[in-house]
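# Fold and geometry: a report
For reference, the chains in residue letters:
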Amino acid sequence: MPTSPDFKPTPVLTKRIPEDRSKRSTVSYDQYVATGGYKTLEKAIGMQPAEIVELVKGAVLRGRGGAGFPAGLKWSFLPPADGGPRYLCINCDEAEPGTFKDRLLVDFDPHLVLEGIAIAAYACQMQTAYFFIRGEYHHQAKVFKKAIEEAYANGVFGKQGLLRGASKFAVDVVLHRSAGAYICGEETALLEAVEGKRGWPRVKPPFPAVKGLFGRPTIINNVETLAAVVPILESGVDAWKKLGVESTFPGAMPSYGTKLMGVSGHVNRPNVYELELGIPLRTLVEKHCGGMRNGKKFKAAIAGGVSMGILGTDQYDAPMDFDIGRKFDVLGLGTACPTVFDEDTDMVAVARNISRFFKAESCGQCTPCREGSGWLLKLLTRIERGDGTTQDLDMLLEVAGSMGLTPGTTICGLADGNNWAVRTIVNKFRPEFERRVKPRFVPVYVSAAAGR
Amino acid sequence: MAWPTKPSATMQVPRRAEPYVTDAMKAAWTKDVLPKYATKLGCLMPILHDVQHAYRHVPYQAQLEIAQFLGIAPSDVLDTVSFYDEFTVEQRGVVTIGVCHSIACEQCGCGSTKLIERVREKLGLLPGETTDDGQVTLITMDCLGSCDTAPVALFNETLHENLTPEAFDRLVEQAAHAKAGGHH
Ligand SMILES: Cc1cc2nc3c(=O)[nH]c(=O)nc-3n(C[C@H](O)[C@H](O)[C@H](O)COP(=O)(O)O)c2cc1C
Ligand code: SF4
Ligand code: FES
């Protein structure tokens, strides 16, 4: 049961990464080991794989990639090992605008990520791990490649078995660079991309745990999710559950642990902060980010990546936990990386920018997403220019609301992101939009002959 | 990304005598790429990265050569090349300037719109265009994962953060004179 957190930074994932940017440097293999690194992997391979899955399940480690699905539960969906290959894919696509948290781990503590990968691979008996990194992360790909090489050279991975053969189970890690397509962050599009194809999301079921990469059982997890497995095993489930908050909805899943929160926008100290889940956005901004920039007032914040929609001016106190969606009319916590806007921000421009993103990144498979995203952009561009009408506002809401998995019209969740972003911005800042549009007069012709 | 129309089966592929896919490349791929993927098609992305990096584009002839090397259909190669923004059929400039125009970069600091405008003023380029001498390509990119230091831009593989118009101008100036092969 979490204690009531006072929201002091609790470094669990960022133990080795200072908050001050100028003091950061990549932790090498030797430095990592000298500070207790790979000890948790040693502990893990002394356990039964199934025990580890149960532990992670017990910790209710919810996925850090956006959807918040519990990792242990996902792992338990794997069918029993049949001797054939099983895969782990690590999602470092991080292309959601506003999100820049996984990069911190890859840049500065790559071996923590690798240790998490090794533990997950052992726990789920997956022999090959594809580290899927977005193409634009040129520097990060180099840093991570070097870390992988160091880990091989020191026998963590490779034919001899994990940790220089301490376990007979052998794991290989392959760095796979994507090439500039946001949609490949969606887990099944990611699989297609690793298979060398265009990143078109697959229709589910079958779920990847049953039939994933190259048709084999596959687990896809976010970078931060796997990194969090290390402190969970290291310090125990109880220590992890002391961090974060319970859900306030009866019977709903809790938000345990710390979370990397990358804050950008109009704040004094934009940066990645590691804080306990549940911290109010206001505390995050005022206490940790040094408040709003230039003494301006808070106007709005994107909840955690543009897909999640927007928190309005009166929602500054929203706690950053997995309940946020149900409580504050946004899609969810997403990546917990808020982009904060001050009072001078033009919300029409924000909506237009976001809809431009979704139009460019729709993969084109589903008509509501492919065509709808174009319409939303057209309407918003028109409104921004001052040529929109009141009718356009209604049409915006209607088109946006018809796109996505929730209305059940698309294959993947990209369209839901577009839907929620546009709808929440228009709904929460409606007067601003209304000031920008012209009323649409419906001409009424009164016939002189009427009533004769 | 998205859904470009693909050239028809009857199109003529421009050819040069010298192959794009060299023996050295093939040897490296056989050693480093082929063992890592369960299918031949799976090896495609790392190979395309290498070719794009070497020639700043993946021309149709190179796509045919890759298809032949992997023993897969040329249409599969074309399908993948046409989907990903980083692979181009047209040759990119010696320096590609990729300005992030997603939400934080548009709304923070001097803003990406101003940066894009600077390149138009200095080099006469709109996003997607390359200077006539093949030196500089301007593209707009979406969130580069560096929103806390917005606005940002990639000059080839190097990210520049917290850009001001003045700092950006200097980088554009350098780009206009950078030598091929040297990394910016
Ligand atoms: C359009 C779209 C883009 C996504 N992009 C990412 C991404 O960049 N990184 C990520 O970890 N998850 C992303 N996801 C979520 C993944 O589909 C998946 O839920 C996640 O990687 C699972 O890992 P987790 O359970 O550890 O969070 C995206 C989902 C959608 C629908
Ligand atoms: S919802 Fe959009 S991005 Fe997702 S599969 Fe359909 S068209 Fe592609
Ligand atoms: S919005 Fe430009 S780096 Fe994120």
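Calculation notes
Residues numbered from 1 in each chain as written. Chains lettered and ligands numbered in written order. Predicted model: local features only at pLDDT ≥ 70, side-chain atom pairs only at ≥ 80, totals over all residues. Heavy atoms only, no water. Helix = DSSP H or I, 4+ residues; strand = E, 2+ residues; numbered from the N terminus. Buried < 20%, exposed > 50% of the residue type's maximum accessible area, 1.4 Å probe, protein only. Contact = heavy atoms within 4.5 Å. Areas by Shrake-Rupley, 256 points an atom, 1.4 Å probe, with all protein chains shown as cover. Rg over C-alpha atoms; globule rule 2.2 N^0.38 Å. Lys, Arg positive; Asp, Glu negative; His and termini not counted. Charge placed at Lys NZ, Arg CZ, Asp CG, Glu CD. Near = heavy atom within 4 Å. Polar contact = N/O pair within 3.5 Å; in protein donor to acceptor, adjacent residues only side chain to side chain. Nonpolar A, V, L, I, M, F, W, Y, C, P; charged D, E, K, R; others polar. Salt bridge = Lys/Arg side-chain N within 4 Å of Asp/Glu carboxyl O. Axes fitted to C-alpha atoms, helices over the stretch in contact; angles between N-to-C directions. Parallel < 35°, antiparallel > 145°, perpendicular 65-115°, else oblique. Left-handed = near helix turned anticlockwise from the far one by under 90°. Domains from an automatic or database assignment. Buried area = accessible area lost by both parts, 1.4 Å probe. Core = buried A, V, L, I, M, F, W, Y, C linked by side-chain atoms within 4.5 Å. Pairing = 2+ DSSP bridges.

## What to know about the overall build of chain B
Helices and strands together make up the secondary structure of chain B, namely 7 helices and 4 strands. Shown N-terminal to C-terminal, the secondary structure of chain B runs as helices and strands in the order α-α-α-α-β-α-α-β-β-β-α. Its C-alpha atoms put chain B at 50 × 35 × 30 Å along the principal axes. Burial statistics for chain B: of 184 residues in total, 51% are counted as buried. Partitioning the intrachain contacts of chain B with sequence separation of at least 6 by distance along the chain shows that 64% fall at a separation of at least 24. Entry remark: accessible area of chain B is about 8,500 Å², with carbon and sulfur atoms responsible for 51%.

## Focus on the overall build of chain A
Each helix and strand counted, chain A has 18 helices and 11 strands in total. For chain A, the C-alpha radius of gyration of 23 Å lies close to 22 Å, the compact-globule estimate for 452 residues. Dimensions along the principal axes, computed over C-alpha positions, put chain A at roughly 100 × 50 × 45 Å. Residue burial in chain A is summarised as follows: out of 452 residues, 62% are buried. Counting contacts in chain A only where the partners sit at least 6 residues apart, residues at least 24 apart contribute 70% of the total. Counting every atom, chain A has about 16,900 Å² of accessible surface; 55% of that belongs to carbon and sulfur. Taking the 56 positively charged and 49 negatively charged side chains of chain A as two groups, their mean positions are separated by 3 Å.

## Observations concerning the site of ligand 1
Residues and elements named next belong to chain A. Around ligand 1, a shell composed of 18 residues is seen, among which Gly65, Asn91, Asn221, Asn222 and Thr225 lie nearest. Residue lysine 74 places a side-chain N or O atom 3.1 Å away from an oxygen atom belonging to ligand 1. Glutamate 187 has a polar backbone atom sitting 3.0 Å from an oxygen atom of ligand 1. Of the residues contributing to the shell around ligand 1, the split by class is 4 nonpolar, 8 polar and 6 charged.

## Quick notes on unusual backbone geometry
Across residues other than glycine, the phi torsion is negative in most instances, and most of the peptide bonds are trans. All names here are of chain A. The peptide bond linking lysine 204 to proline 205 adopts the cis configuration, its omega dihedral lying at -10°. In this chain, proline 205 is followed by proline 206 through a cis amide linkage whose omega measures 5°. You can see proline 206 is positioned in the loop between α9 (187–194) and β4 (218–222). Positive phi, normally seen in glycine, also occurs at glutamine 125, with a value near 55°. By secondary structure assignment, the location of glutamine 125 is in the loop between α6 (110–123) and β2 (128–133). Note on glutamine 125: relative accessible area 25%, which makes it partly exposed. Despite not being glycine, phenylalanine 214 shows a phi value in the positive range, around 50°. Mapped onto the elements of the fold, phenylalanine 214 is located in the loop between α9 and β4.

## Notes on the interface of chain B and chain A
Counting from both sides, the interface comprises 44 residues of chain B and, opposite them, 61 residues of chain A. Linking chain B with chain A are 7 salt bridges, by the criterion used here. Between B:Asp142 and A:Arg356 there is a salt bridge, with its nearest N and O atoms 3.0 Å apart. Where chain B meets chain A, there are 24 residue pairs in polar contact (both at pLDDT 80 or more). Contributions of two or more residues to the side of chain B that touches chain A are made by α2 (44–55), α4 (74–83) and α5 (103–107) of chain B. Looking at the side of chain B that touches chain A residue by residue, the classes come out as 21 nonpolar, 13 polar and 10 charged.

## Describing the packing of helix α3 (residues 60–70) of chain B against α4(B)
Residue and element names in this part refer to chain B. Relative to each other, α3 and α4 sit at 125°, their axes nearing to 8 Å. What the angle tells us is that α3 and α4 run oblique. The handedness of the crossing between α3 and α4 comes out as right-handed. Between α3 and α4, the contacting residues are Tyr60, Gln63, Leu64 and Ala67 on the first element and Pro74, Val77, Leu78 and Val81 on the second.

## Digging into the side chain of A:Thr14
Residues and elements named next belong to chain A. As for its placement among the helices and strands, threonine 14 is situated in the segment before α1 (29–34). Within polar-contact distance, the side chain of threonine 14 engages the side chain of glutamate 274 at 2.5 Å. Contacts of threonine 14, omitting those with residues within four sequence positions, involve Leu104, Leu260 and Glu274.

## Observations concerning the domain arrangement of chain A
All names here are of chain A. The domain architecture assigned to chain A consists of domain 1 (21–244) and domain 2 (347–436). Counting from both sides, the interface comprises 11 residues of domain 1 and, opposite them, 8 residues of domain 2. With both chains or domains summed, domain 1 and domain 2 bury close to 800 Å², and 75% of this area falls on carbon and sulfur atoms. Contact with domain 2 buries surface across domain 1, with Tyr182, Ile183 and Trp200 losing the most and accounting together for 56% of the total. Our count for the contact surface shared by domain 1 and domain 2 stands at 0 salt bridges.

## A few points about the nonpolar core
All names here are of chain A. In terms of nonpolar packing, the biggest core is built from 82 residues, with Trp75, Leu114, Ile117 and Phe131 touching the most fellow members. Among the elements that line this core, the one with the most residues is α6, at 10 residues. What phenylalanine 131 contacts, discounting residues up to four positions off in sequence, is Ile90, Cys92, Val106, Val113, Ile117, Phe144, Val174, Leu175, His176 and Val223. Within the second largest apolar cluster, 80 residues are counted, among which are Val350, Phe357, Val399 and Ile425.

## A few points about the pairing of β2(A)
Residue and element names in this part refer to chain A. Within β2, 6 of the 6 residues are buried, which leaves it mostly tucked inside the rest of the structure. In β2, alternate side chains face the same way, and those of Thr128, Tyr130 and Phe132 on one face and Ala129, Phe131 and Ile133 on the other are all buried. Of the pairings in the sheet, the one linking strand β1 (residues 87–92) to β2 comprises 6 bridges and is parallel in character. Following the sheet pairing, cysteine 92 is matched in β2 by isoleucine 133. One ladder, built from 6 bridges, connects β2 with strand β3 (residues 172–177); its direction is parallel. Paired with threonine 128 across the bridge in β3 is aspartate 172.

## Quick look at the environment of A:Pro9
Residue and element names in this part refer to chain A. The topology assignment puts proline 9 in the segment before α1. A relative accessible area of 43% means that proline 9 is categorised as partly exposed. Proline 9 sits 267 residues away from glutamate 276 along the chain, and the two C-alpha atoms are 7.5 Å apart. Not counting chain neighbours up to four residues away, the residues in contact with proline 9 comprise Glu274, Leu275 and His288.

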